[in-house]
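Here are the chains, one letter per residue:
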Amino acid sequence: MRRSETGSMIIVMLPVSEIVAKPEFAAALGIVSKLRERGCEAWLAGGCVRDLLLGREPLDYDVATSARPDVVLDLFPRTFSVGAHFGVVLVATGSENKEEDFALTEVATFRSDGVYSDGRHPDEVQYTNRAAEDVLRRDFTINGLLLDPEKLVGTDCDADSLRNAVVDHVGGLADLERKIIRAIGEPSRRFEEDHLRMLRAVRFAARFGFEIDAATMNSIRAQAAKINNVSRERIRDELTRMLTEGKARRAFELLDSSGLLAVVLPEVARLKGVEQPPQYHPEGDVWTHTLLLLDQLESCAPMTLAWGALLHDVGKPPTFRIAERIRFDGHVDVGVAIGAEICRRFRFSNDETHLILSLIENHMRFADAERMKSSTLKRFFRLESFEEHLALHRMDCLAGSGNLDHWNFVREQYAALPPEVVRPKPLLTGRELIALGYKPGALFKEILHAVEEAQLEGSITSESEAVEFVHTHYPQQIESGNYE
Ligand code: ATP
Ligand code: MG
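All values reported here derive from a predicted model rather than from experimental measurement.

About the thresholds
Residues numbered from 1 in each chain as written. Chains lettered and ligands numbered in written order. Predicted model: local features only at pLDDT ≥ 70, side-chain atom pairs only at ≥ 80, totals over all residues. Heavy atoms only, no water. Helix = DSSP H or I, 4+ residues; strand = E, 2+ residues; numbered from the N terminus. Contact = heavy atoms within 4.5 Å. Lys, Arg positive; Asp, Glu negative; His and termini not counted. Charge placed at Lys NZ, Arg CZ, Asp CG, Glu CD. Core = buried A, V, L, I, M, F, W, Y, C linked by side-chain atoms within 4.5 Å. Buried < 20%, exposed > 50% of the residue type's maximum accessible area, 1.4 Å probe, protein only. Axes fitted to C-alpha atoms, helices over the stretch in contact; angles between N-to-C directions. Parallel < 35°, antiparallel > 145°, perpendicular 65-115°, else oblique. Left-handed = near helix turned anticlockwise from the far one by under 90°. Nonpolar A, V, L, I, M, F, W, Y, C, P; charged D, E, K, R; others polar. Near = heavy atom within 4 Å. Polar contact = N/O pair within 3.5 Å; in protein donor to acceptor, adjacent residues only side chain to side chain. Areas by Shrake-Rupley, 256 points an atom, 1.4 Å probe, with all protein chains shown as cover. Domains from an automatic or database assignment. Pairing = 2+ DSSP bridges. Phe/Tyr/Trp six-rings, centres within 6.5 Å; stacked < 30°, edge-to-face > 60°. Lys NZ or Arg CZ within 6 Å of the ring centre and 35° of its normal.

Trainee: Break down the overall build of the protein chain for me, with residues and values.
Mentor: For the protein chain, the count of helices and strands is 27 helices and 15 strands. The dimensions of the protein chain, computed from C-alpha atoms along their principal axes, are 95 × 55 × 45 Å. The contacts of the protein chain with a sequence gap of at least 6 include a subset with a gap of at least 24, amounting to 66%. For the protein chain, the centre of its 58 positive side-chain charges and the centre of its 76 negative side-chain charges are spaced 3 Å apart.

Trainee: Provide a residue-level description of the nonpolar core, including the pertinent values.
Mentor: Ranked by size, the top nonpolar core spans 104 residues in total, and within it L35, L44, L239, F252, L265 and W307 carry the most contacts. At 9 residues, helix α9 (residues 196-208) tops the list of elements feeding residues into this core. Residues contacting W307, with those up to four places away along its chain left out, are R236, L239, T240, L243, L265, I342, F346, F348 and I356. If you look at the next biggest cluster of nonpolar residues, it comprises 15 residues, including F444, A454, A466 and F469.

Trainee: Residues and numbers for the packing of helix α18 (residues 331-345) against helix α19 (residues 350-362), please.
Mentor: Angle between the axes and distance between the axes are the two parameters that describe a pair of packed helices. Contact pair α18 / α19: the axes reach a minimum separation of 9 Å and the direction vectors enclose 160°. When the interaxial angle is binned, α18 and α19 end up roughly antiparallel. Between α18 and α19 the crossing geometry is right-handed. Residues V332, G335, V336, G339, A340 and C343 of α18 touch α19, and the partners they reach there are T353, I356, L357, I360 and E361. In the contact of α18 with α19, the residues fall into 7 nonpolar, 3 polar and 1 charged.

Trainee: Account for the site of ligand 1, naming residues and giving values.
Mentor: Around ligand 1, a shell composed of 16 residues is seen, among which R50, D194, R197, R207 and R241 lie nearest. G47 places a main-chain nitrogen or oxygen 3.1 Å from an oxygen atom of ligand 1. Within the complex, 82% of the 590 Å² of free accessible area of ligand 1 lies under protein. Listing elements by their share of the shell around ligand 1, those giving two or more residues are α3 (47-53) and α9. Here the shell around ligand 1 takes 5 residues from α9, the largest share from any one element. Among the domains, domain 1 (1-178) and domain 2 (181-264) are the pair contributing at least three residues each to the shell around ligand 1.

Trainee: Now, about the pairing of strand β5 (residues 79-83): what can you tell me, with residues and values included?
Mentor: Within a regular beta strand, the side chains point alternately toward one face of the sheet and then the other, so they alternate between its two faces. Of the pairings in the sheet, the one linking β5 to strand β6 (residues 88-93) comprises 3 bridges and is antiparallel in character. Looking at the pairing, F80 lines up with L90 of β6. Linking β5 back to β6 in an antiparallel pair, the connection comprises 4 residues, with G87 at a positive phi of about 75°.

Trainee: Any details on the pairing of strand β3 (residues 42-45)? Residues and values, ideally.
Mentor: Side chains A42 and L44 project from β3 onto one buried face, and the interleaved W43 and A45 project onto a second face that is buried too. Strand direction decides the pairing type here: β3 and strand β4 (residues 62-65), joined by 3 bridges, are antiparallel. Within β4, the residue paired with W43 across the bridge is A64. Strand direction decides the pairing type here: β3 and strand β10 (residues 146-147), joined by 2 bridges, are antiparallel. The residue bridging L44 from the neighbouring strand is L147, located in β10.

Trainee: Describe the packing of aromatic side chains, and please don't skip the residues or the numbers.
Mentor: Taken as a whole and assessed by the stated rule, the structure comprises 15 aromatic pairs. Both rings, one in F140 and one in F191, keep their centres 6.5 Å apart while their planes meet at 45°; by these two values the pair is tilted. Remark: F191 occurs in helix α8 (residues 187-193) and F140 occurs in the loop between α5 (131-134) and β10; sequence separation between them is 51 residues. The two residues F140 and F191 agree in class, both being buried. Here F380 and F381 contribute two aromatic rings whose centre-to-centre distance is 6.5 Å and whose plane-to-plane angle is 25°, an arrangement assigned as stacked. The class for F381 is buried, based on a relative accessible area of 4%. A connected cluster of aromatic rings, assembled from ring pairs, spans F140, F191, F204, F208 and F210. One cation-aromatic arrangement involves R203 over F204; the distance from NZ or CZ to the ring centre is 4.9 Å. Lying across the ring of F348, R236 places its NZ or CZ 5.9 Å from the centre.

Trainee: Explain the sheet that holds strand β11 (residues 166-167) residue by residue, including any values.
Mentor: Read from one edge of the open sheet, 7 strands run β5-β6-β7-β4-β3-β10-β11, paired in mixed fashion. Strands at the two margins of the open sheet, each flanked by one partner only, are β5 and β11. Bridge count for β6 against strand β7 (residues 103-109) is 6 bridges, and the pairing is antiparallel. The residue bridging V89 from the neighbouring strand is V107, located in β7. Contacts from helix α2 (residues 23-37) reach β3, β4, β6 and β7, with the element oriented near 150° to β3.

Trainee: Would you mind going over the environment of D213 in detail, with residue names and values included?
Mentor: Along the chain, D213 turns up in the loop between β13 (211-212) and α10 (214-223). For the pair D213 and A183, spaced 30 residues apart in sequence, the C-alpha to C-alpha distance is 8.3 Å. D213 has contacts with I180, I181 and R182, leaving out every residue within four places of it along the chain. Within the local environment of D213, its side chain forms a polar contact with the side chain of T216, the two groups lying 2.9 Å apart.

Trainee: Before we move on, could you go through the side chain of H363 and cite the residues and values that matter?
Mentor: Relative to the helices and strands, H363 resides in the loop between α19 and α20 (374-381). A polar atom in the side chain of H363 sits 3.3 Å from the side chain of D313. If sequence neighbours within four positions are ignored, H363 has contacts with H312, D313, H331, V332, L392, H393 and D396.

Trainee: Lay out unusual backbone geometry with the relevant residues and their values.
Mentor: The general pattern is negative phi for most residues beyond glycine and trans for most peptide bonds. Within the chain, C157 stands out as a residue other than glycine whose phi angle is a positive 60°. Position of C157 relative to the elements: it lies in the loop between β10 and α6 (159-165). Overall, C157 belongs to the buried group, its relative accessible area being 7%.

On their own, these measurements won't tell you what the molecule is for.
Here is the structure:
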């Protein structure tokens, strides 16, 4: 797997023989060998082992070792002590100038975690010399496997060679085969220790298409309310990953069935059972509709689009009413207000918030596009990241009536209008207005807007026509001087 520019995952399925031929694997192998030469125990551990067994390229490689951090720091020339508190050292290998062979590998000392009192982090960790103890602190059985990379060298990396290289203290191999997410040890204790693991269970189950084991799921249901003790940023990041890994629908179904949704996003949980007019929404209630949008989110979808899709109809439950048909008058404005509260709660950046709210605010405007004045349509196209607005509207249609007429119209117009037509150079600026005898003030802005409007409509096309336009429409302001 790789991170895309937006930070989400690009899943790369490759034969394992090709994955292990890459510099990242070579770097991890070299680190394991060097630690072993020094007399320490060392393994590949965690997500990278799981991914190799699934034939997915690991996002990064983690090495678990009996060596203490000071030994690791001493043994490798280029290191960063990233999580000294937890015995984690980042080891750089290869040349920084040659991106192809530069790699960063996380090397973590075997440890067992002490008591957790904040619901997220252990108060202290104890180093141990036993790998079998280290895996017990990990979250799920499929994340608790160890692999000896030296054993893969010279093999064709088929299923048997991989199995042969794996050491499994937790039953992870069987769970990988049966496609099960199961907590290591006693599930309720593991979720009590670190509440974030509840969201991780959902994320892994969705990503891999696995089921969550019954006892593990029951413990999540019993403790779901505690998830709000975890920092909002961490919750947000987990949700964003769920939304942008290509399996958003399944993730949100699991969030719902585990009881987590009602705690982290009650506004979204409220979409359930909110009926819609069948002539526009044959698919069913607002929740079903939203799931059908999530189903269309591809892996690596921009996170703002993903959140926009999730939240576009959050204004519907509070505005539901039955008149001549079911109506949701004002749901866009209410939705923007609810979306603003969610973005604030999850500490989205200003830019992210702006775009997510704009997606909610504008999602109903496509229906009016054919009737828009040329200037209005151009201003519509000026919305930041207009492609995301287009993408949201398309998903919205396909999740409902299936009619793409408005989308097709807007897409064609958008493609046909070059940027210099959508946002042409102004025919007049403030400086020229001053030269014409107007004084800066409130009306000044209105005049410039009117000039731009006429320009976008195509009724004036040159500076001289613009001057004439101003003289015709705003003559008295010069004479009376009361233009401010
Ligand atoms: P991803 O592909 O999403 O990175 P990953 O399994 O590599 O998945 P990381 O968050 O990178 O997940 O963590 C690496 C390993 O550390 C996990 O496989 C797991 O063994 C362990 N781990 C991570 N977070 C936790 C946690 N909250 N509780 C217990 N173990 C954890
Ligand atoms: Mg990882």
